[in-house]
Amino acid sequence: MSNILLSNQETKQIEIRGCLSKHKKSQYYQAILIYADDRGQEVRKSRSTKQSRKSEAFKVMMQMIIEEEELLRKPDPGTFFVDFLKYWINEVIVKDVEETTWAGYQRNVFDHIIPYFEPMKLRMRDLKPVHFIKFTEDKMEHGGLKNGEPLKAQSVRKFLANLKTALDYAVTHELITVNPARMMKAPKEKSYEASYYSIEELAILWKAAIGTDIEPAIILATLYGFRRGEVCGLKWDMVNFRSKRIHIFETRTQSSKEITKGTKNKASKRTMPMLDITYDYLLRLKEKQNEQKAFMRSSWIDSGYVVAYADGKQPSVSNFNKMLTRLLEKHGLRHIRFHDLRHSIATYLLEIGVPIADVSAWLGHGNVQTTAKIYAHVTLGMRLNTAKTLDKVFGYTKQVEEEKPLTIEGVIRDLFELSAAA
């Protein structure tokens with residue numbers, strides 16, 4: 001007879017003993033699981049392992065014990081709501097989503113949801129829609145962690161989405177009959193307007209970036225609209241000089257630790273044609289890195305990344321925004337996020353008349369509607385251009401000498417000449 005004892009200290013105290021037995025008339029071993037129920041009564045469950053070898057039967061019994069333990073640890077209607085949330089975040093949803101997504105769920109639950117509900121000592125069976133109405137109102141009014149200021153509707157919508165998903169699980173497992181959070185209307189988000197740089201501002205930024213560690217990242221983000229994770233994850237083996245293609249199929253991101261994963265969506269996994277000027281730039285960058293590698297020899301860190309420090313090591317994902325912020329402050333430029341460099345090129349492409357479907361594909365958006373929503377601000381400029389065109393058609397244009405507009409093509413040409421000389 002073999003025995004094993006398992007216990008769990010985090011939720012319910014569970015002690016399961018397992019033993020194997022074999023009847024003369026059966027070729028298979030039986031696994032007997034023994035534990036005490038909530039009233040202290042001994043419970044015995046006997047199941048066939050369908051294994052005739054004792055070593056294999058023991059493995060099956062071990063798995064049975066694990067499954068029985070998980071079953072016994074599941075909450076019941078009398079469980080405190082916060083204990084259910086801890087169970088759901090650590091035992092359920094962690095298995096269904098990516099690590100970065102789970103990290104966001106964990107922050108929402110432990111930083112905002114549990115601290116609000118814990119003092120109430122609500123049990124699952126006592127949950128009502130009013131609890132979530134008041135939770136939403138509280139977070140909208142003074143839900144900020146640092147200063148108690150109102151939270152944005154977007155943040156509160158995320159909390160409610162997490163609650164709805166968690167309580168859907170509770171309904172499915174018959175802990176509650178209806179999901180009270182499903183009756184809540186999420187607060188409306190304000191229409192989002194992307195922040196972006198004008199061509200004049202980009203020209204100053206590009207010149208300021210020459211020779212810095214972040215120079216290649218700024219160039220690639222503003223020309224191709226690459227996301228931060230896409231720039232961070234770009235390796236030289238994804239740059240094909242022969243076919244003049246840049247392949248985006250993985251990203252680097254930060255959660256509890258830095259990880260490499262696939263792209264945001266299917267559309268984000270894309271192959272970008274190299275502009276002639278980008279080809280020359282990346283070729284020079286590769287040659288500079290090779291020269292540095294030869295100079296540093298064993299001190300060189302061969303990370304393989306396009307954007308790298310002088311010793312070859314790749315910058316951490318979290319450092320990209322910091323590096324950009326320091327550069328902007330040093331040169332007195334208006335503050336933007338690294339992601340706003342992506343918005344800048346998209347805005348420019350739309351303003352010069354590139355079809356929105358083409359811009360959407362260039363950026364790697366999942367659909368054109370996403371592009372249209374983010375860049376709604378561009379439509380005013382496009383309408384103004386249309387108005388000027390109609391004035392010319394009608395022969396009603398006033399003869400006003402206009403300054404020649406600054407173009408991104410001219411700015412980039414000047415930039416690369418400066419970069420080559422640096």
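Remember, it's a predicted structure, so these values are computed and weren't measured experimentally.

J.: What exactly am I supposed to notice about the confidence of the model for the protein here?
T.: Any segment with low pLDDT has predicted coordinates that should not be analysed in fine detail. Summing up the model confidence of the protein, the mean pLDDT is 82 and the portion of residues at 70 or higher is 80%. Looking across the protein, the model is least confident in strand β1 (residues 5-6), with a mean pLDDT of 40, and most confident in strand β5 (residues 239-240), with 94. Residue range residues 1-11 is modelled with pLDDT below 50. Its contacts to residues more than four positions away, or to other chains, number 34 contacts.

J.: Would you mind going over the sheet that holds β5 with me for this structure?
T.: The strands that make up a sheet pair up through hydrogen bonds in the backbone, lying either parallel or antiparallel. As summarised here, the arrangement of the three strands in space is β5-β6-β9, forming an open sheet in which the pairing is antiparallel. Taken across any chain shown, the strands that pair with only one partner, and hence form the sheet edges, are β5 and β9 (270-273). Strand direction decides the pairing type here: β5 and strand β6 (residues 245-248), joined by two bridges, are antiparallel. In the sheet register, V239 faces β6, and the bridge partner there is I246.

J.: Would you take a moment to explain the packing of aromatic side chains for this structure?
T.: Each pair of aromatic rings is reported with the distance of its centres and the angle of its planes. Here the structure, examined in full by the defined rule, presents 15 aromatic pairs. Ring centres of Y224 and F226 lie 5.3 Å apart, and the angle between their planes is 15°; this geometry places the pair in the stacked category. Accessibility expressed as a relative area gives 0% for Y224, which makes it buried. Judged by its relative accessible area of 1%, F226 falls in the buried class. Chaining the aromatic ring pairs together yields one cluster made of F81, Y116, F117, F132, F135 and F159.

J.: Honestly, the packing of helix α4 (residues 129-142) against helix α5 (residues 153-172) in this entry has me stumped. Any pointers?
T.: A pair of packed helices is captured by two measures, namely the crossing angle of their axes and the spacing between those axes. Viewed as axis vectors pointing N to C, α4 and α5 meet at an angle of 155°, and their least axial separation amounts to 10 Å. On the basis of the axis angle, α4 is roughly antiparallel to α5. In the crossing of α4 with α5, the sense of the turn from one axis to the other is right-handed. Counting all contacts with α4, which are made through F132, F135, T136, K139 and M140, the residues of α5 involved are A153, V156, F159, L160, L163 and L167. Classifying every residue of the contact of α4 with α5 by side-chain character gives nine nonpolar, one polar and one charged.

J.: Hey, could you run me through the environment of A308 in this one?
T.: Checked against the element boundaries, A308 lands in the loop between α9 (276-296) and α10 (319-330). Each C-alpha atom, one on A308 and one on E215, is 10.0 Å from the other, the two residues being 93 residues apart in sequence. With near-sequence residues (within four places) excluded, A308 lies in contact with D213, Q289, K313, Q314 and P315.

Reading the values: the criteria
- Residues numbered from 1 in each chain as written.
- Predicted model: local features only at pLDDT ≥ 70, side-chain atom pairs only at ≥ 80, totals over all residues.
- Heavy atoms only, no water.
- pLDDT = per-residue confidence, 0-100.
- Helix = DSSP H or I, 4+ residues; strand = E, 2+ residues; numbered from the N terminus.
- Contact = heavy atoms within 4.5 Å.
- Pairing = 2+ DSSP bridges.
- Phe/Tyr/Trp six-rings, centres within 6.5 Å; stacked < 30°, edge-to-face > 60°.
- Buried < 20%, exposed > 50% of the residue type's maximum accessible area, 1.4 Å probe, protein only.
- Axes fitted to C-alpha atoms, helices over the stretch in contact; angles between N-to-C directions.
- Parallel < 35°, antiparallel > 145°, perpendicular 65-115°, else oblique.
- Left-handed = near helix turned anticlockwise from the far one by under 90°.
- Nonpolar A, V, L, I, M, F, W, Y, C, P; charged D, E, K, R; others polar.

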